[in-house]
Amino acid sequence: ELMRATLMEKAFGLFARKGFHGVSMRDFSQELEVSTGTVYHYFTNKSELFAQMIKHLVQGDIQEVLAQVTEVESPQDRIAVVLNHVAIKEAYFHNLLFLLFDFYRDKREAAVSKPLATTASFFSDSLKIYREAIEENLGHLDKGTGQMLISVIIGTLVQRILDPTAMSL
């Protein structure tokens, strides 16, 4: 598990630099300084590596924020902790959004014969994990409030990509 986690964490940097479409399993093996066979031992293909990497990163984000959130009492202060965490790691979250959009575009183009819902579920699954963590740990918020907070965060991140001088979180 430690090796799998290490490979996923290092893969993020490569994906962030080259995008989902611009990376091959051979690129991973060279970047991660392991054999291609080692990469295939842990991951069937690039899509599986990417999906598991995103899940790993999402879980890490949640654990990191929860460690900070438990130190404050009020729901407002807990929300402020989440927004501050995203603001501090803004470049990371921008890269995460770029990668998700790149992955989605690649899979959407490749899945012309498949329902779009199968490719879109990857995003909704990731967002659901974030949303549920927010709802359960920021003062037992309802589903609508958790979804609204996720939307505000994503919207602000996208706005700041387009206009870095725009309001911050």
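Residues numbered from 1 in each chain as written. Predicted model: local features only at pLDDT ≥ 70, side-chain atom pairs only at ≥ 80, totals over all residues. Heavy atoms only, no water.

A.B. asks: What is the right way to read the confidence of the model for the protein from this model?
C.D. replies: Where the model shows low pLDDT, its predicted coordinates should not be examined in detail. The predicted model of the protein averages 84 in pLDDT, with 90% of residues at 70 or higher. The least confident element of the protein is helix α7 (residues 116-137), whose mean pLDDT is 74; the most confident is helix α3 (residues 36-42), at 91. Note that residues 115-119 has pLDDT below 50 and, in this model, six contacts with residues that lie over four places away or in other chains. (pLDDT = per-residue confidence, 0-100. Helix = DSSP H or I, 4+ residues; strand = E, 2+ residues; numbered from the N terminus. Contact = heavy atoms within 4.5 Å.)

A.B. asks: Would you mind showing me how to read the pattern of salt bridges here?
C.D. replies: Here the idea is simple: oppositely charged side chains can pair when their charged atoms come close. Evaluated as defined, the whole model comprises six salt bridges. Notably, a salt bridge pairs D61 with K89, separated by 3.7 Å at the nearest N-O pair. Of the two residues, D61 sits in helix α4 (residues 46-69) while K89 sits in the loop between α5 (75-88) and α6 (90-110), which places them 28 residues apart along the sequence. Given the relative accessible area of 4%, D61 is considered buried. Among the ionic pairs, E64 bridges to K89, the shortest N-O distance being 3.3 Å. (Salt bridge = Lys/Arg side-chain N within 4 Å of Asp/Glu carboxyl O. Buried < 20%, exposed > 50% of the residue type's maximum accessible area, 1.4 Å probe, protein only.)

A.B. asks: So what exactly am I meant to see when it comes to the packing of aromatic side chains here?
C.D. replies: When we look at a pair of aromatic rings, we describe it by the centre distance and by the angle of the planes. Taken as a whole and judged by the stated rule, the model has six aromatic pairs. Ring plane angle 70° and centroid distance 5.2 Å describe the contact between F20 and F50, whose orientation is recorded as edge-to-face. Of the two residues, F20 is situated in the loop between α1 (2-18) and α2 (25-32) and F50 in helix α4; the sequence distance between them amounts to 30 residues. Note on F20: relative accessible area 2%, which makes it buried. Ring plane angle 75° and centroid distance 4.8 Å describe the contact between Y92 and F93, whose orientation is recorded as edge-to-face. In terms of burial, Y92 and F93 fall into one category: buried. One residue, R4, lies across the ring of F43, its end atom 5.1 Å from the ring centre. (Phe/Tyr/Trp six-rings, centres within 6.5 Å; stacked < 30°, edge-to-face > 60°. Lys NZ or Arg CZ within 6 Å of the ring centre and 35° of its normal.)

A.B. asks: Is there a simple way to explain the environment of S24 in this structure?
C.D. replies: Within the element layout of this structure, S24 appears in the loop between α1 and α2. What makes S24 partly exposed here is its relative accessible area of 32%. Expressed as a C-alpha distance, the spacing of S24 and N45, which sit 21 residues apart in the sequence, is 9.3 Å.

A.B. asks: How should α2 be read in this particular structure?
C.D. replies: Along an α-helix, a turn takes 3.6 residues, which lines up residues three or four apart on a common side. Within the span of α2, buried status applies to M25, F28, S29 and L32. Angular distribution of buried residues about the axis of α2 spans 95°; they occupy a single face of the element. Residues of α2 that are exposed and point over 90 degrees away from its buried face: R26 and Q30. Its buried side turned inward, α2 meets α1, α3 and α4. Looking one or two residues past α2, E33 carries a phi angle of roughly 55°, positive in sign. (Arc of directions from axis to C-beta.)

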